[in-house]
Amino acid sequence: MENKEKMKIENINLYYGEFQALKNINMNINENEITAFIGPSGCGKSTLLKSLNRMNDLVEGVKIDGKILLDDVDIYKDMDATVLRKRVGMVFQKPNPFPMSIYDNVAYGPRTHGIKQKSRLDEIVEQSLRSAAMWDEVKDRLKKSALGMSGGQQQRLCIARAFSVNPEVILLDEPTSALDPISTMKIEDLLVEIKDNYTIIIVTHNMQQATRVSDKTAFFLHGEVVEFNETEKLFSLPKNKKTEDYITGRFG
Amino acid sequence: MENTALEKSVLNKRKTKSLILRFMVWLCGILTVGILAYILLFILVRGIPNINMEFLFGEYNSDSLSAFSSIVTTVEMIVISLIIAVPVGVFCAIYLHEYAKRGNKAVKVIRLAVDTLAGIPSIVYGLFGMIFFVNILGLRASVLSGVLTISIMILPVIISSSEEAIKSVPDMYREGSLGLGATRLRTVFSIVLPTAMPGILSGVILAIGRIVGETAALIFTSGTNVLENPTLDLMASQRTLAIHMYMLASEGLPYSKDMAFATGAILIIIVFIVNFAATKLAGRIGGLSNGK
Ligand SMILES: Nc1ncnc2c1ncn2[C@@H]1O[C@H](COP(=O)(O)OP(=O)(O)OP(=O)(O)O)[C@@H](O)[C@H]1O
Ligand SMILES: [Mg+2]
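Within each chain, residue numbers correspond to sequence positions counted from 1 in written order. Each chain is given a letter, starting from A, and each ligand a number, starting from 1, according to the order in which they appear as written. Totals for whole chains, interfaces and linings use all residues, but because this is a predicted model, local features are given only for residues with pLDDT of at least 70 and pairs of side-chain atoms are given and counted only at 80 or more. Where side-chain values are given, they derive from all heavy atoms of the structure, hydrogens and water being excluded.

### Overview of the sheet that holds strand β1 (residues 5–16) of chain A
Backbone-to-backbone hydrogen bonds join strands into a sheet, with any given pair of strands oriented parallel or antiparallel.
Residues and elements named next belong to chain A.
Right, so step 1: Paired strands, in this sense, are two strands between which DSSP finds at least two bridges. Only DSSP runs of H or I reaching four residues or more are called helices, and only runs of E reaching two or more are called strands; each is numbered from the N terminus. Within the open sheet, the four strands sit side by side as β2-β1-β4-β5. Their pairing is antiparallel. Both edges of this open sheet fall to β2 (19–30) and β5 (73–74), since each of them pairs with a single strand only.
Right, so step 2: Pairing of strand β4 (residues 62–70) with β5, which is carried by two bridges, proceeds in the antiparallel orientation. Each bridged residue has a counterpart across the sheet, and for L69 the counterpart in β5 is D74.

### Some details on helix α1 (residues 45–52) of chain A
Residue and element names in this part refer to chain A.
Right, so step 1: Of all eight residues in α1, six are buried; the element is thus mostly enclosed.
Right, so step 2: Turning to α1, its buried residues number three or more, namely K45, T47, L48, L49, S51 and L52.
Right, so step 3: Just past α1, the residue R54 takes up positive phi, approximately 60°. Relative accessibility under 20% of the residue-type maximum defines a buried residue, over 50% an exposed one, and the middle range a partly exposed one, all with a 1.4 Å probe and only protein chains included.

### Thoughts on the domain arrangement of chain B
Residue and element names in this part refer to chain B.
Right, so step 1: Domain boundaries shown here were taken from an automatic or database domain assignment. Here the domain parsing of chain B yields domain 1 (2–50) and domain 2 (53–289).
Right, so step 2: Taken over C-alpha atoms, the centre of domain 1 sits 35 Å from the centre of domain 2.
Right, so step 3: A contact between two residues is defined here by any heavy atoms of the two lying within 4.5 Å. Contact residues are listed per partner, giving eight residues for domain 1 and nine residues for domain 2.
Right, so step 4: The term salt bridge refers to a side-chain nitrogen of Lys or Arg lying within 4 Å of a carboxyl oxygen of Asp or Glu. Linking domain 1 with domain 2 are one salt bridge, by the criterion used here.
Right, so step 5: One salt bridge connects R46 with D258, and the closest N-O pair in it is separated by 3.7 Å.
Right, so step 6: Think of a polar contact as two N or O atoms within 3.5 Å of one another; within protein, one of them needs to be a possible hydrogen donor and the other a possible acceptor, and neighboring residues in sequence only count if both atoms come from side chains. Where domain 1 touches domain 2, the interface holds one residue pair in polar contact (both at pLDDT 80 or more).
Right, so step 7: The nonpolar class holds Ala, Val, Leu, Ile, Met, Phe, Trp, Tyr, Cys and Pro. Asp, Glu, Lys and Arg form the charged class, and all remaining residues, Gly among them, are polar. Looking at the side of domain 1 that touches domain 2 residue by residue, the classes come out as five nonpolar, two polar and one charged.

### Examining the confidence of the model for chain B
Residues and elements named next belong to chain B.
Right, so step 1: The predictor's confidence in any single residue is recorded as pLDDT, a number from 0 to 100. Put simply, chain B has an average pLDDT of 89, and 96% of its residues get 70 or more.
Right, so step 2: For the stretch residues 288–292, pLDDT sits under 50, and the model shows twelve contacts to residues farther than four places along the chain or on other chains.
Right, so step 3: Reported confidences for the modelled complex are a pTM of 0.84 and an ipTM of 0.90.

### A few points about the side chain of A:S183
Right, so step 1: Its place among the elements puts A:S183 in helix α7 (residues 181–194).
Right, so step 2: At 2.5 Å, the side chain of A:S183 and the side chain of A:D180 are in polar contact.

### Some words on the packing of aromatic side chains
For any pair of aromatic rings, the description consists of the separation of the ring centres together with the inter-plane angle of the planes.
Right, so step 1: The pairing test for Phe, Tyr and Trp rings, Trp by its six-membered ring, is centres within 6.5 Å, and the orientation test on the planes gives stacked under 30 degrees, edge-to-face over 60, and tilted for anything in between. Enumeration according to the criterion identifies eleven aromatic pairs over all chains in this entry.
Right, so step 2: Seen in terms of ring centroids, B:F57 and B:F68 are 5.4 Å apart; in terms of plane orientation they differ by 85°. Their pairing is edge-to-face. Pair noted here: B:F57 is in helix α2 (residues 53–57) and B:F68 is in helix α3 (residues 68–99), with a separation of eleven residues, a long-range link.
Right, so step 3: Each residue in the set B:Y38, B:F42 and B:F261 is aromatic and connected to the rest through ring pairs, giving one cluster.
Right, so step 4: Remark: a charge is flagged as sitting over a ring if the NZ atom of Lys or the CZ atom of Arg is within 6 Å of the ring centre and within 35 degrees of the ring normal. We note A:R161 situated over the ring of A:F98; from NZ or CZ to the ring centre the distance is 4.2 Å.
Right, so step 5: Looking at B:R186, its charged tip hangs above the ring of A:Y108, at a distance of 4.3 Å from the centre.

### Regarding the packing of helix α7 (residues 171–179) of chain B against helix α8 (residues 184–213) of chain B
Residue and element names in this part refer to chain B.
Right, so step 1: Working convention: axes come from line fits to C-alpha atoms, limited for helices to the stretch in contact. Angles between N-to-C directions cover 0 to 180 degrees. Orientation of α7 relative to α8, taken along the N-to-C sense of each, is 145°, at an axis distance of 10 Å. Relative to α8, α7 is oriented so that their crossing is right-handed. Two secondary-structure elements touch here, α7 through Y173, R174, S177 and L178 and α8 through R184, T187, I191, V192 and T195.
Right, so step 2: Looking at side-chain class alone, the contact of α7 with α8 contains four nonpolar, three polar and two charged residues. For a crossing to be left-handed, the near helix must be turned anticlockwise from the far one by less than a right angle; the clockwise case is right-handed.

### A few points about the interface of chain B and chain A
Right, so step 1: On the chain A side, the residues contacting the 22 residues of chain B number 30 residues.
Right, so step 2: Here chain B packs against chain A, burying approximately 2100 Å² in sum over the two surfaces, 65% of which is carbon and sulfur.
Right, so step 3: Where chain B touches chain A, the interface holds zero salt bridges.
Right, so step 4: At the surface where chain B touches chain A, the tally comes to five residue pairs in polar contact (both at pLDDT 80 or more). Buried area: the accessible surface (1.4 Å probe) lost by two parts on joining, summed over both.

### A word on the layout of surface pockets
Right, so step 1: Put plainly, a pocket is an open set of points on a 1 Å grid over the protein atoms alone with protein on both sides within 12 Å along at least five of seven lines, a cavity is a set where a 1.4 Å probe fits but cannot get out, and a lining residue has an atom within 4 Å of a point. Grid points are joined across faces, edges and corners, and a volume is the space filled by probe spheres set on the points. Size it by volume and the largest pocket reaches roughly 880 Å³.
Right, so step 2: A:L58, A:E60, B:H97, B:E98 and B:R184 are the residues nearest the centre of the largest pocket, which is lined by 26 residues in total.
Right, so step 3: Of all elements in the fold, only α3, α4 (105–119), α7 and α8 of chain B reach the threshold of two or more residues within the lining of the largest pocket.
Right, so step 4: For the lining of the largest pocket, the per-class residue count stands at nine nonpolar, four polar and 13 charged.
Right, so step 5: In this structure, the second largest pocket occupies an estimated 230 Å³ of space.
Right, so step 6: Tallied by class, the residues present in the lining of the second largest pocket amount to six nonpolar, six polar and two charged.

### Some points on the site of ligand 1
Residue and element names in this part refer to chain A.
Right, so step 1: Note on terminology: near, applied to a residue and a molecule or strand, indicates that one of the residue's heavy atoms is within 4 Å of it. Taken together, 13 residues sit near ligand 1, with S41, K45, S46, T47 and H205 positioned nearest.
Right, so step 2: Residue S46 places a side-chain N or O atom 2.6 Å away from an oxygen atom belonging to ligand 1.
Right, so step 3: Between ligand 1 and the protein, one listed contact pairs an oxygen atom with a side-chain N or O atom of T47 at 2.4 Å.
Right, so step 4: For the accessible areas, the method is Shrake-Rupley and the probe is 1.4 Å, while residue cover comes only from the protein chains on display. A total of 630 Å² of accessible area belongs to ligand 1 in isolation, and the protein chains cover 63% of it.
Right, so step 5: Put simply, the parts of the chain that give the shell around ligand 1 at least two residues each are β2 and α1.
Right, so step 6: Looking at the shell around ligand 1 element by element, the count peaks at three residues for α1.
Right, so step 7: Here the shell around ligand 1 is built from residues that sort into five nonpolar, six polar and two charged.

### Considering the pairing of strand β8 (residues 199–203) of chain A
All names here are of chain A.
Right, so step 1: For β8, a buried count of five out of five residues is recorded, marking the element as mostly surrounded by other parts of the structure.
Right, so step 2: Taken together, the four bridges between strand β3 (residues 34–38) and β8 define a ladder with parallel strand orientation. Each residue of the ladder has a partner; that of T35, found in β8, is I201.
Right, so step 3: Direction of pairing for strand β7 (residues 169–173) relative to β8: parallel, over a ladder of five bridges. When the sheet's bridge partners are listed, D173 is paired in β8 with V203.
Right, so step 4: What joins β7 to β8 is α7, and the crossover it makes is right-handed. The crossover handedness rule: strands pointing away from the viewer, path from first strand over the helix to second strand clockwise, crossover right-handed.

Next comes the structure, spelled out in C-alpha cells:
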C-alpha cells in the first residue's frame, strides 16, 4: 500500500549567489515513511533539507525557484515561515540544546506557540521526553542544565524538543554523526518506532544507517537527484552507474 | 658521548631561558598587584579613619564637609544613566548584529560613530554637554544635564560589549529556536539576550566604573555645587563623589585633604560593592549556560 504524499518538491533550483546548489529537483515525500538523503559532501543534501522548512531564508543571497508543497500548500508562497517550521521540525547535525534547563528546553517550543499553563507544559515535556525514549533517564534532573548531558543525550533532547510542538514532518541532518554507536542505535530505533505518526527525512553519510532505517532513499550528486527509489531496491539494484559506484564505495 | 653533551647544553640553555621567562612573568605579576595594593592601601589607610557618621550622613555646611549629598547624587547618576544608556546600547547592538544586513550603510555609520565616540576624551563630552544640554536645551547646570552627557559617554562601551556578547552566542542556538517556529524577536529576547547577559553585564560594570570616576564631563554639566542635604531633584546642580574629592583636594584647608581621602575610600568601596554584585548576578545568570 502506497502512503499519502506529504510533501512535494517540484522543479526546485536553488542558488547561493551565483552558485547553483540544487538543480531541478523533483521528489515526493510520503507520509509515515522515512526518506534518506545520501550522497558525497557538498552535493546539496542539507540545502534541500533546509529548503523544506525554509531555514534557507536565513542565509543571505539565497534564491530559490520552483515549488515545495506541504499537504498541497505552497510553503514559500502561501505559508508563514513560523507556521511552517512548527509543522516541519528540524534536528541539526550538532546537538544544539539551549543553555537552559532540560525542562525549559522542551517547554520552549510550546511556550513559543502560546501554551502557558504549567500542568499542560508538564504534560508536553513528559510526553516529548518519553517519545524520545529518555524520560526515565532525565526525569529526576529536569531542572539541571541541558549542557551538562552527554552528546548523545543532548541530541535525543533535541529530538524531544522537536516533538514538543507536535510537528507533522521531522527533518534530521546527520543527527548521529557526532555520536557513539550506542547513542546512534538508540536514535535509529527511535526513528523506526515513531515513523507511524510522523513523516521523517534524514540526511546521512552512513549507508548502513540508510538501509537500517529508511523506506526510500535519494542519492544526490552535484546538486541533482541521481536516483530516488525504495531503499531496498536502490541498494540492491541501483539503476544508475553513479549510484552503484557510490554505494559500493568506489568514490565519494 | 659528544652528542649527549651537546644535547645537555641545549637543554640547559632552554632551562635557563624558561627560568628567566618565568621570573619575568612573576615580576610583572607582582608589580601589578603590588602597585594596585599600594594605591588601595594608601587611600584606604588615610581615608577610612576619617570616615564617620557625620561625614557619611551629615549635613554639608561650614563645619562639615559631609559627602552625603554627593553619595546620593553619584548613585542617582549611575542608576539613571544606566536606565537611559543600557536599553539604547543593547538595542543598538541587537540591530547591528541580528537585524542589519551585511554591508548595510547604516551599520557602517553606526560602527564609525561608536568607535569615534569611544575615543573622545571625556572633557570634550563635558564641553558638548555644556553647549548642548546646558545652553541650547536650557537644562542649566543640573544633574539632568550631567546624566544625559554621561549617558552618551558610556553608550560606546555598552554597545561594543553588548555586540561582542551577542556575537559570541552560537548561531546554532538561533537556528534551534527559529526551527521550532519562533519569530526572530522571540529568538532574540528568549535565547540570544539571556545567553549574552554575562557579557553585557561586564560592559555595564565598565560603564559604572566610568560614571563613578568621571569628573571632567560633569564639572561643566552638573557642576561643582554642593547642597547641604541630599536631593534627588534632577534640576538641582549637585556634585558627585569624584568631583567632591577633586574639590576637597584642591581646597587649601588642612583637613580637607583628609576628607578627600575619605571620599576616595568611599568611592573605592562603592566600586567594590558594585563589581561584586554584578559578578554575582552574572554568575547566577551564566550558571545554567555553564552546565551547572
Ligand atoms: N550558505 C552558503 N553559501 C554559499 N554556498 C553554500 C552555502 N551553504 C552551502 N553552500 C554550498 O552549496 C553546496 C551544497 O551544500 P550542502 O551543505 O547542501 O551539502 P551537503 O550535501 O549537505 O554536504 P555535507 O554532506 O558535507 O553536509 C556546497 O557546494 C556548499 O559549498
Ligand atoms: Mg550537510
